[in-house]
Amino acid sequence: MSRLLLLEDDMSLIDGLRYSLERNGFELEVARTVREARSCLKGGHSFDLLLLDVTLPDGTGFMICEEVRSAGDTTPIIFLTASDEETSIIRGLDSGGDDYITKPVRLGELCSRIRALLRRSTMRKKVESGVLRSGTVTVDQLAGRAYLEGKPLELTGAEYRLLCLFLRHDGQVLTRNAILDALWDGNGSYVDDNTLSVYIRRLREKIERDPSRPEYLMTVRGMGYRWEGEA
């Protein structure tokens, strides 16, 4: 469950956001002033995303954003603003914000933007660390090695690239065409549809306890495949 910090002083908006966000599976902590937000951020709490109102009784959301970024914290930040003026938007993005949404807030749109930023943040952290990890499967991209429950996996080059592709898109459905495009080797040859089926089968044989009943590499009928990291 992703943990969010909401900095907002409008009680009616807080109630609506709390109901919608918690219903969509997010854990929410609320601060009503800049001072409370600072206390939350410095109190040992860890947040996956910040929702910051611009105008507060004792300051602005811009101040919190600038303080977070100056500390080297890359937590995604969305500004909630009553103003759609270009200067306000530019100020928010220049201070280190990732996105903004104008009031009145459309709750469905907000949840979609939150999920998109969380996905980008997760991928960035994986790339920066050089390690892809999902369930009991780990890939050390710098060493070019894959492990299952800490034990080395003996993979061919194509199987390794396929595994990395799925781990980078953990939880997302990848169509067969998207996978085929990603496995293009840049040398004028490519993986055809039948060969892809073989790679999928062989990869399952190496990572699944029962390849006939996969827990990680799932087939999505009529669409493609999805990696389930919480197998």
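Overview of the structure. Quick caveat, the model's predicted, so the values are computed rather than measured.

## Here's the deal with the nonpolar core
In terms of nonpolar packing, the biggest core is built from 28 residues, with Val139, Leu162, Leu163, Phe166, Ile179 and Trp227 touching the most fellow members. Mapped onto this core, the elements with two or more residues apiece are strand 9 (137-140), strand 10 (145-148), helix 6 (157-168), helix 7 (176-182), helix 8 (193-207) and strand 14 (224-227). Sort the elements by how many residues they give to this core and helix 6 lands first, with eight residues. Contacts of Val139, omitting those with residues within four sequence positions, involve Gly130, Val131, Leu132, Arg145, Ala146, Tyr160, Leu163, Cys164 and Leu167.

## Points about the side chain of Glu8
When you line up the elements, Glu8 lands in the loop between strand 1 (3-7) and helix 1 (11-23). Overall, the relative accessible area of 0% leaves Glu8 in the buried class. Of note is the side chain of Glu8, whose polar atom sits 3.1 Å from the side chain of Lys103. Filtering out sequence-adjacent residues up to four positions away, Glu8 remains in contact with Leu13, Ile14, Ala31, Arg32, Asp53, Leu56, Leu80 and Lys103.

## A short note on the pairing of strand 9
Along strand 9, the buried face is formed by Val137 and Val139; none of Thr138 and Asp140, which line the opposite face, is buried. The sheet contact formed by strand 8 (residues 131-134) and strand 9 spans four bridges and is antiparallel. Each residue of the ladder has a partner; that of Val131, found in strand 9, is Asp140. Taken together, the four bridges between strand 9 and strand 10 define a ladder with antiparallel strand orientation. Residue pairing across strands places Thr138 opposite Tyr147, the latter belonging to strand 10.

## Section: the pattern of salt bridges
Across all of its chains, the model carries 16 salt bridges by this definition. Note that Glu29 is salt-bridged to Arg3, the shortest N-O span being 2.6 Å. Note that Glu29 is positioned in strand 2 (residues 27-31) and Arg3 in strand 1, a separation of 26 residues in sequence. With a closest N to O distance of 3.4 Å, Glu205 and Arg201 form a salt bridge. Of the two residues, Glu205 and Arg201 both sit in helix 8, four residues apart, roughly one turn of that helix. Here Glu205 falls in the partly exposed class, since its relative accessible area comes to 46%. Residue Arg201 is classed as partly exposed on the basis of its relative accessible area, which comes to 43%. It is possible to trace a salt-bridge network through shared partners that takes in Asp99, Arg106, Glu109 and Arg113.

Here is what the cut-offs are and how they apply
- Along each chain, numbering runs from 1 in the same order as the chain's sequence is written.
- The model is predicted, so local features are restricted to residues of pLDDT at least 70 and side-chain atom pairs to those at 80 or more, both for listing and for counting; the totals for chains, interfaces and linings are taken over all residues.
- With hydrogens and water stripped out, all remaining heavy atoms of the structure feed into the side-chain values.
- For our purposes a nonpolar core is just a set of buried Ala, Val, Leu, Ile, Met, Phe, Trp, Tyr and Cys residues, chained together by side-chain atoms within 4.5 Å.
- Classification of residues uses two cut-offs on accessible area relative to the type maximum, computed with a 1.4 Å probe and protein chains only: under 20% is buried, over 50% is exposed, and between them is partly exposed.
- Secondary structure elements follow DSSP: runs of H or I of four or more residues count as helices, runs of E of two or more count as strands, with numbering from the N terminus.
- Contacts were defined at the residue level, with two residues in contact if any of their heavy atoms lie within 4.5 Å.
- Here a polar contact means two N or O atoms within 3.5 Å. Within protein one must be a hydrogen donor candidate and the other an acceptor candidate, and residues neighboring in sequence count only if both atoms are side-chain atoms.
- Pairing between two strands requires that DSSP report at least two bridges joining them.
- The salt bridge definition used is simple: a Lys or Arg side-chain nitrogen within 4 Å of an Asp or Glu carboxyl oxygen.

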